[in-house]
Amino acid sequence: MPALYLPKTLDEALALPGTRRAGGTDLQELRHLPIFGAQPIVDLRDITGLDRMGVDEQGAWIGASTILQHVADHPSIAARWPGLAQACGALANPQIRNVATLAGSLLQAPRCWYYRHPDYACLRKGGDTCYSRGGDHSLHVCFDTQPCAAPHPSTPAMALLAYEAQVELLVPGDAAPRLVAIDQLVAPDGLPAGALLTAIKLGPPLPEERAAYVRASNRAFAEWALVEVLVRLRIATDGTIDFARVAVGAVAPTPLRLRALEDALLGSKPDAETFARVAALAPAGAKALPMTHYKLALLEASVLDALERAAAATPTTAAIPTLTTGATP
């Protein structure tokens, strides 16, 4: 079993070279499955202050070690960024959501069974073969855009992409923390070598916006998503949509924003005809693997469901109260 370090400060954690740093999502698997051999692991649990959340007129600040269930239950997150709260409250099961951390979910390793098998040196572990392409890839990508066919595993990453969030990184050698857009972080090798993710930053929500998260999976609990969608909409006083974000997950190596759908929604009425027309665009540009063609129809249906739910959701209000909490909201 790899050695485990428990630093008490961020400086101590940054000073440990040649290690895998983990939060609450991948920690036990990294310890008990020799995915990376004997490479030591750093557990960040004893570093104080990383599990705090704050909300003010500038947006929200969520510490990296914040438990996913706390994000889902936080009253201001649920009221102002409802799609994020819904997504964090829907994944896995209550036991996992009460242990897994937000940064741990963002940075977890791929859930591909070939990647996680200690006897396979696949592309993501320095090999030259994506074994899923010639094997079982039934849960893998339908937007085949990179040599590795494993989908990005993080539900919060997809939700944060819809909210155009940033993450705060501490990078060895930098004089100050670095702010990085979430889409840069979730790209392959998006975390700089030796860096620590310390916080997630959300900009202020739009007043009167609506959001909905939809998850399709083989079973209701303790299962990875086959397709997931987060939609944000705002309906103007003339009854047309004047703001739209559509993000999808579990279908590509990174979470995706479907910008063609966003553009198609603008200026349209939020009705059944519009939503059916826009949802039909969701599979455009997809390149499914032999075993993932089913995801294309599932994606269209999930986008349609999310659009309908978002349009029917309660709009956010204009006022954003200041609320700072510790680990428990």
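Details of the structure are given in the entry above.
As the structure is a computational prediction, the values presented were derived from the model and not from experiment.

Draft legend 1. Representation of the overall build of the protein. Secondary structure summary: the protein contains 14 helices and 13 strands in total. Taking the principal axes of its C-alpha atoms as reference, the protein extends roughly 60 × 50 × 35 Å. Per-residue burial for the protein yields a buried fraction of 50% across its 329 residues. Sequence-distant contacts in the protein: of pairs separated by 6 or more residues, those separated by 24 or more amount to 64%. Total accessible area computed for the protein in this model is approximately 14100 Å², and 55% of it derives from carbon and sulfur atoms. Placing the 28 positive and 32 negative side-chain charges of the protein at their respective mean positions leaves the two points 3 Å apart.

Draft legend 2. Geometry of the packing of aromatic side chains. In this structure the tally under the stated criterion is 2 aromatic pairs. With centroids separated by 4.9 Å and ring planes inclined at 70°, the aromatic side chains of Y120 and Y131 adopt a geometry described as edge-to-face. Highlighted residues: Y120 in the loop between α8 (113-116) and α9 (131-134) and Y131 in helix α9, separated in sequence by 11 residues. By way of ring pairs, the aromatic residues Y114, Y120 and Y131 are connected into one cluster. Across from the ring centre of Y115, 5.8 Å away, lies the NZ or CZ of K125, which sits over that ring.

Draft legend 3. Focus on the sheet that holds strand β10 (residues 227-235). A sheet is described by the order of its strands in space; here 4 strands give the open sequence β9-β10-β11-β12, paired in antiparallel fashion. Strands at the two margins of the open sheet, each flanked by one partner only, are β9 (209-216) and β12 (256-257). The sheet contact formed by β9 and β10 spans 8 bridges and is antiparallel. Paired with A212 across the bridge in β10 is V231. Across the sheet, helix α10 (residues 155-162) is in contact with β9, β10, β11 (241-249) and β12; its angle to β10 comes to roughly 20°.

Draft legend 4. Looking closely at helix α5 (residues 82-90). All of the buried residues in α5 are P82, G83, L84, A85, A87 and C88. A positive phi of about 55° marks A92, the residue just after α5.

Draft legend 5. Just the packing of α5 against α10, in detail. Their axes nearest at 9 Å, the elements α5 and α10 cross at an angle of 175°. Taken as axis vectors, α5 and α10 run roughly antiparallel relative to one another. Here L84, A87 and C88 of α5 come into contact with α10, specifically with T155, P156, A159 and L160. In terms of residue class, the contact of α5 with α10 is built from 6 nonpolar, 1 polar and no charged.

Draft legend 6. Fine view of the pairing of strand β6 (residues 166-170). Across the 5 residues that make up β6, a large majority, 4, are buried. Here 4 bridges tie β6 to strand β7 (residues 178-181), and the two strands are oriented antiparallel to one another. Within the sheet, the bridge partner assigned to L169 lies in β7 and is R178. When β6 meets strand β8 (residues 196-202), the two strands line up antiparallel, connected through 5 bridges. Within β8, the position partnered with L169 by the bridge is L197.

Draft legend 7. Geometry of α10. For α10, a buried count of 8 out of 8 residues is recorded, marking the element as mostly surrounded by other parts of the structure. Within α10, burial applies to T155, P156, A157, M158, A159, L160, L161 and A162.

Draft legend 8. Quick peek at the pattern of salt bridges. Summed over the entire model, instances satisfying the criterion amount to 12 salt bridges. The closest approach of N and O atoms between D46 and K8, which form a salt bridge, is 3.9 Å. Of this pair, D46 sits in the loop between β3 (41-43) and β4 (53-56) while K8 is found in the loop between β1 (4-5) and α1 (10-14), placing the two residues 38 residues apart along the sequence. With its nearest N and O atoms 3.5 Å apart, the salt bridge here joins R45 to D46. One network of salt bridges, in which partners are shared, links E164, R245, R257 and E262.

Draft legend 9. How the structure looks around unusual backbone geometry. Even without being glycine, A92 reaches a positive phi, approximately 55°. Residue position: A92 is located in the loop between α5 and α6 (94-97). Its relative accessible area of 13% is what places A92 among the buried residues. Even without being glycine, E164 reaches a positive phi, approximately 55°. Within the secondary structure, E164 sits in the loop between α10 and β6. Judged by its relative accessible area of 42%, E164 is partly exposed.

Draft legend 10. Representation of the pairing of β4. Two strands pair when backbone bridges link them, and β4 and strand β5 (residues 59-63) are joined in this way by 4 bridges, in the antiparallel orientation. Bridge assignment links G54 to a residue of β5, and that residue is W61. Counted along the chain from β4 to the antiparallel partner β5, the turn is 2 residues long.

Calculation notes
Residues numbered from 1 in each chain as written. Predicted model: local features only at pLDDT ≥ 70, side-chain atom pairs only at ≥ 80, totals over all residues. Heavy atoms only, no water. Helix = DSSP H or I, 4+ residues; strand = E, 2+ residues; numbered from the N terminus. Buried < 20%, exposed > 50% of the residue type's maximum accessible area, 1.4 Å probe, protein only. Contact = heavy atoms within 4.5 Å. Areas by Shrake-Rupley, 256 points an atom, 1.4 Å probe, with all protein chains shown as cover. Lys, Arg positive; Asp, Glu negative; His and termini not counted. Charge placed at Lys NZ, Arg CZ, Asp CG, Glu CD. Phe/Tyr/Trp six-rings, centres within 6.5 Å; stacked < 30°, edge-to-face > 60°. Lys NZ or Arg CZ within 6 Å of the ring centre and 35° of its normal. Pairing = 2+ DSSP bridges. Axes fitted to C-alpha atoms, helices over the stretch in contact; angles between N-to-C directions. Parallel < 35°, antiparallel > 145°, perpendicular 65-115°, else oblique. Nonpolar A, V, L, I, M, F, W, Y, C, P; charged D, E, K, R; others polar. Salt bridge = Lys/Arg side-chain N within 4 Å of Asp/Glu carboxyl O.

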